[in-house]
Amino acid sequence: MTWTRRHILTLADFTSDEYDTVLQTAASFREVLGRRTKKVPALQGQVVANLFFEPSTRTRNSFELAAKRLSADTLNFTPGSSSLTKGETILDTAKTYLAMGTDLMVIRHEQAGVPSTIASEMDRLGSRVSVLNAGDGQHEHPSQGLLDLFTICSLLDTERPRLELLAGKKIAVVGDILHSRVARSNIWSLTASGAEVHLAGPPTLLPLLFAECGDGREGKLFLHWQLEPALADADFVMTLRLQKERMSDHLLPSLREYHSLYGITRDRLKLCKPDVKVLHPGPVNRGVEISSDLMDDAQFSLISQQVTSGVAVRMALLYLIGGGKV
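The protein chain goes by Aspartate carbamoyltransferase in an unreviewed UniProt entry, where it is assigned to Phormidium nigroviride PCC 7112. UniProt annotates the protein chain under Function (unreviewed entry) with the comment "Catalyzes the condensation of carbamoyl phosphate and aspartate to form carbamoyl aspartate and inorganic phosphate, the committed step in the de novo pyrimidine nucleotide biosynthesis pathway."

Next comes the structure, spelled out in C-alpha cells:
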C-alpha cells in the first residue's frame, strides 16, 4: 500500500493494511539491525526531535537509536533544563523545534492529548512536520502496541509477520488496565487482528467502561475480575506494570495481595496453552506483576524480544511518516 498517514497518534483508526505495512517494514529493518553495519541512509538529512516531557528510558532510547540507525539527526528535549521552567508553553517549545528545521517530532507527555494538540498546531501552521505519540497520559502508546504486535506475529512467522496470524488466538492482558496507555493501544491492535482479548484485574483497576472498547471490532473483548478465566487456554499473556505514580487513591490493599491474586507465576501458566508466551512492556516490578524467575526464563518470556523489536518497529514508523516509500 501507499502510506498516507502523516501523524501516528492512536491505533483506534488504524486499518489492517496499515498494520501489515508496519509489520513488514519492521521485519525488513530487523534484518538491517542484524548486519554488521546497522545503518541505512533512509532519513539522512532529516531531523527527529524527541520531546519527552516525562521520564522514560526504554521508549526514549529506542526512538533515538531508531532515528540514528536511519541516519537522521536527533534533538533531545529535557524539561528540567528547558525554557518550560521559565514559563514557556508546550506549543511554543514545539514551534522552537519547528524553527530549527525539525521534520519529525516524537512526543511523550503525562497529559492525554498533548501530541494531538501539537500535531494540530503543526498542521495549522502549514508545516510538513510529522508527530508520533510516544505515550500520552492514560490515552495511548501506539509504538508500544505495535512492537508488542510485531513481537507476537514474528514468533508465529519470522519471515512474514502479519495481522491475520492472530485470528482466533486468545490473549490475556493482566494488571493495571485503568492507568495503562499500553493496554489501550493493545486493545485496538489485537482486536483488529481477530484475536480474543481477555482483560483481567481487580475491579478498581478494570472498570466496566473498557467493555466498550471492543464494540465493532473484529476480535472479541472480555473482562474478568478473577485471573483464572482469562488465563484458561491462553496463547499469550501480557502483564502490565502497576503504575503507582498515577494512582491518586488507595486502589490496592497491598502489593503482596495483588501478586497473590493476579501475579503471573509458573503455576498459573499451567492454565494456559503448553507453549504460552509472556510479555511485559516494562519496566517490571519483579515479584509483583510477574515472578522474577519467570521473567528471566527464555522458554516463556518474550520481554527481551520486545525491547529488541522496539528499535525495528520505531525505525519503521519514523521511516513511514518521514516519507519513506513502501
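Chemist: What is the right way to read the pairing of strand β4 (residues 130–136) from this model?
Modeler: Working note: regular strand, side chains alternate between the two faces of the sheet. Of all seven residues in β4, seven are buried; the element is thus mostly enclosed. Strand direction decides the pairing type here: strand β3 (residues 104–109) and β4, joined by five bridges, are parallel. Within β4, the position partnered with Met105 by the bridge is Val131. Where the polypeptide runs from β3 across helix α4 (residues 114–124) and back to β4, its parallel neighbour, the crossover connection is right-handed.

Chemist: It is not clear to me how the sheet that holds strand β7 (residues 220–224) should be interpreted in this structure. Could you clarify?
Modeler: Note: strands within a sheet are paired through backbone hydrogen bonds, in either parallel or antiparallel orientation. With parallel pairing, five strands are arranged side by side in an open sheet as β7-β6-β5-β8-β9. Of all strands in the sheet, those bounded by a partner on one side alone are β7 and β9 (277–279). Going across the sheet, the axis of each strand differs from the next one's by a mean of 20°, ignoring polarity. Pairing of strand β5 (residues 170–174) with strand β6 (residues 196–200) involves five bridges; the strand directions are parallel. Bridged to Lys170 within β6 is Glu196. On top of the sheet, helix α6 (residues 181–192) reaches β5, β6, β7 and β8 (236–239); it is set at about 150° to β6, its chief contact.

Chemist: Can you walk me through the packing of aromatic side chains in this structure?
Modeler: For any pair of aromatic rings, the description rests on two quantities: the centre-to-centre distance and the angle between the ring planes. Within this structure, the stated rule accounts for six aromatic pairs. Ring centres 6.2 Å apart and planes at 65° place the aromatic pair Trp3 and Phe14 in the edge-to-face group. You can see Trp3 sitting in the segment before α1 (16–33) and its partner Phe14 sitting in the segment before α1, a full 11 residues away along the chain. With a relative accessible area of 11%, Trp3 lands in the buried category. Here Phe77 and Tyr97 contribute two aromatic rings whose centre-to-centre distance is 6.3 Å and whose plane-to-plane angle is 80°, an arrangement assigned as edge-to-face. Here Phe77, found in strand β2 (residues 73–77), pairs with Tyr97, found in helix α3 (residues 90–99); they are 20 residues apart in sequence, far enough to count as distant. The same class applies to Phe77 and to Tyr97, which are both buried. In this structure an aromatic cluster arises from ring pairing among Trp3, Phe14 and Tyr19. Taking NZ or CZ as reference, Arg314 lies 5.0 Å from the ring centre of Phe63, over its face.

Chemist: Even after reading the chapter, I still don't get the sheet that holds β3, so can you show me in this structure?
Modeler: In spatial order, the strands read β2-β1-β3-β4; together these four strands make up an open sheet with parallel pairing. Both outer strands of the open sheet, β2 and β4, are each paired with one neighbouring strand and no more. On average, each strand axis in the sheet is tilted by 15° relative to the strand beside it, whichever way the strands run. Taken together, the five bridges between strand β1 (residues 47–52) and β2 define a ladder with parallel strand orientation.

Thresholds applied
- Residues numbered from 1 in each chain as written.
- Predicted model: local features only at pLDDT ≥ 70, side-chain atom pairs only at ≥ 80, totals over all residues.
- Heavy atoms only, no water.
- UniProt positions renumbered as here; feature names shortened; annotations may be inferred.
- Buried < 20%, exposed > 50% of the residue type's maximum accessible area, 1.4 Å probe, protein only.
- Helix = DSSP H or I, 4+ residues; strand = E, 2+ residues; numbered from the N terminus.
- Pairing = 2+ DSSP bridges.
- Right-handed = clockwise from strand over helix to strand, strands pointing away.
- Axes fitted to C-alpha atoms, helices over the stretch in contact; angles between N-to-C directions.
- Contact = heavy atoms within 4.5 Å.
- Phe/Tyr/Trp six-rings, centres within 6.5 Å; stacked < 30°, edge-to-face > 60°.
- Lys NZ or Arg CZ within 6 Å of the ring centre and 35° of its normal.

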